[in-house]
Amino acid sequence: MNKKFKKIPLMRIGGLNNSNYLVKIQDEKYVLRIPSKDNKNNFHNENEILNLIKPLNISPEIIYHNKDNGILLSKYIESNKFDINFYNSTNFVNLIVHRLNILHKQKSNNYFNPFKEIYDNINFLKSINFAFNHDINILVKKLKDLEKDLNKKIHYGLCHNDLNTSNILYCSNLVYLIDFEFSGMGDVFFDLATISWFLKDKLQDELIKSYFGYCNIELKNKLKNYLFVVKLWNATWSYVKSINSKSSYDYKLGGNIILDDLIKY
């Protein structure tokens, strides 16, 4: 593959955990993803997920994926830029729920336990004497309390687990999902909570109703509690990334901003 694309010009189009490039081959556009050196994700797991979702039309067509090094080539979809107003619209909520309903019904041998991921991240950070700006033990205690409650009733499905806005494309009144590196079986509320992060209260209720067909206090509380889990996972992931990252993005600052919010829960 390296020889085939060696002379094709690449245009960088962003990415935090990976380097992404727009390439044009015989009037067709593609996205080439090259994982960063510190990306420790299991690309064999990702390969299984990509093969599983291939016929579902919820993601751009995959042309090539190397399950050993994570290099990925996919068809390019021109995504409309959507602002916070579109994100906080019934149209967007219904579109994303439609895709999630398809994804969550699938079954995989991969599993994603956000609680274990967070504990592992925090234990690692403590082992290297990471300088937390907050009392992380308070947040760990809160997480353990939530884990006991949230594990009493799990809404099980195949989850994306990284549905930030950069992993959602919008084109021709459809949304497509990209970057399935963290995907695995788990509670669908992790995905729903990630989507709800920047939704107003009214739209959070609409998200629940669109997904389940109804909205009640039990589901609303679960969404709120999982939002804590989602935010803490993102914060600890950012802290781990901050250690060796050569990116211009300040991962530690990003983690601190999230914990500024969580410490008030």
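Rules and cut-offs
- Residues numbered from 1 in each chain as written.
- Predicted model: local features only at pLDDT ≥ 70, side-chain atom pairs only at ≥ 80, totals over all residues.
- Heavy atoms only, no water.
- Helix = DSSP H or I, 4+ residues; strand = E, 2+ residues; numbered from the N terminus.
- Rg over C-alpha atoms; globule rule 2.2 N^0.38 Å.
- Buried < 20%, exposed > 50% of the residue type's maximum accessible area, 1.4 Å probe, protein only.
- Contact = heavy atoms within 4.5 Å.
- Areas by Shrake-Rupley, 256 points an atom, 1.4 Å probe, with all protein chains shown as cover.
- Lys, Arg positive; Asp, Glu negative; His and termini not counted.
- Charge placed at Lys NZ, Arg CZ, Asp CG, Glu CD.
- Pairing = 2+ DSSP bridges.
- Axes fitted to C-alpha atoms, helices over the stretch in contact; angles between N-to-C directions.
- Core = buried A, V, L, I, M, F, W, Y, C linked by side-chain atoms within 4.5 Å.
- Phe/Tyr/Trp six-rings, centres within 6.5 Å; stacked < 30°, edge-to-face > 60°.
- Lys NZ or Arg CZ within 6 Å of the ring centre and 35° of its normal.
- Left-handed = near helix turned anticlockwise from the far one by under 90°.
- Nonpolar A, V, L, I, M, F, W, Y, C, P; charged D, E, K, R; others polar.

(A) Main features of the overall build of the chain. Along the chain, the regular secondary structure elements total 10 helices and 9 strands. Rg of the C-alpha trace for the chain: 19 Å, near the compact-globule value of 18 Å for 265 residues, within the 12% margin. For the C-alpha atoms alone, the extent of the chain along its principal axes is close to 55 × 45 × 35 Å. Split into buried and exposed, the 265 residues of the chain put 50% on the buried side. Considering only contacts in the chain between residues 6 or more positions apart, those separated by 24 or more positions represent 69%. Just so you have it, the chain exposes about 14,200 Å², and 50% of that area is on carbon and sulfur atoms. One way to put it: in the chain the 36 positive side-chain charges average out to a point 3 Å from where the 27 negative ones average out.

(B) Spotlight on the sheet that holds strand β3 (residues 28-35). Strand order in the open sheet made by the 5 strands is β1-β2-β3-β5-β4, with antiparallel pairing throughout. Bordering the open sheet on either side are β1 (11-12) and β4 (62-65), each of which pairs with just one other strand. Where β4 lies against strand β5 (residues 72-75), 3 bridges are found, and the strand directions are antiparallel. Bridging across to β5, His65 finds its partner in Leu72. Those strands touched by helix α2 (residues 43-53) are β3, β4 and β5, and its axis lies near 155° from that of β4.

(C) View of the nonpolar core. With 64 residues, the main nonpolar core has Phe92, Ile96, Ile168 and Ile195 as its most contacted residues. Sort the elements by how many residues they give to this core and helix α9 (residues 217-244) lands first, with 11 residues. Setting aside residues up to four positions removed in sequence, Phe92 forms contacts with Phe82, Phe86, Tyr87, Ile168, Val175 and Ile195.

(D) Expanded view of the environment of Leu158. Along the chain, the position of Leu158 falls in strand β6 (residues 156-159). Classification of Leu158 by relative accessible area gives buried; the value is 0%. As a C-alpha pair, Leu158 and Asn225 span 67 residues in sequence and 20 Å in three-dimensional space. Those residues in contact with Leu158 that sit more than four places away from it in its chain are Ile49, Leu52, Leu103, His104, Gln106, Ser108, Gly184 and Met185.

(E) Expanded view of the packing of aromatic side chains. Per the counting criterion, the structure on display carries 21 aromatic pairs. Site record: aromatic cluster; members linked through ring pairs are Phe82, Phe86, Tyr87, Phe92 and Tyr170. Stacked on the ring of Tyr176, the Lys or Arg Arg99 has its end atom at 5.0 Å from the ring centre. Across the ring face of Phe130, the terminal group of Lys252 is positioned such that the distance to the ring centre comes to 5.0 Å.

(F) Fine view of the packing of helix α5 (residues 114-127) against α9. Following both chains from N to C, one finds α5 and α9 inclined at 35°, their axes separated by 9 Å at the closest point. α9 is crossed by α5, and the crossing has left-handed handedness. Between α5 and α9, the contacting residues are Pro114, Phe115, Glu117, Ile118, Asn121, Ile122, Phe124 and Leu125 on the first element and Tyr226, Val229, Leu232, Trp233, Thr236, Trp237, Tyr239, Val240 and Ile243 on the second. A class-by-class count of the residues in the contact of α5 with α9 yields 14 nonpolar, 2 polar and 1 charged.

(G) Seen up close, helix α7 (residues 189-196). Most of α7 sits out of view: 8 of its 8 residues are buried. Taken together, the buried positions of α7 are occupied by Phe189, Phe190, Asp191, Leu192, Ala193, Thr194, Ile195 and Ser196.

(H) Representation of the pairing of β3 within the structure. Pairing of strand β2 (residues 18-25) with β3 involves 8 bridges; the strand directions are antiparallel. Along β3, the bridge assignment pairs Ser19 with Ile34.

That is the geometry; function is a separate question.
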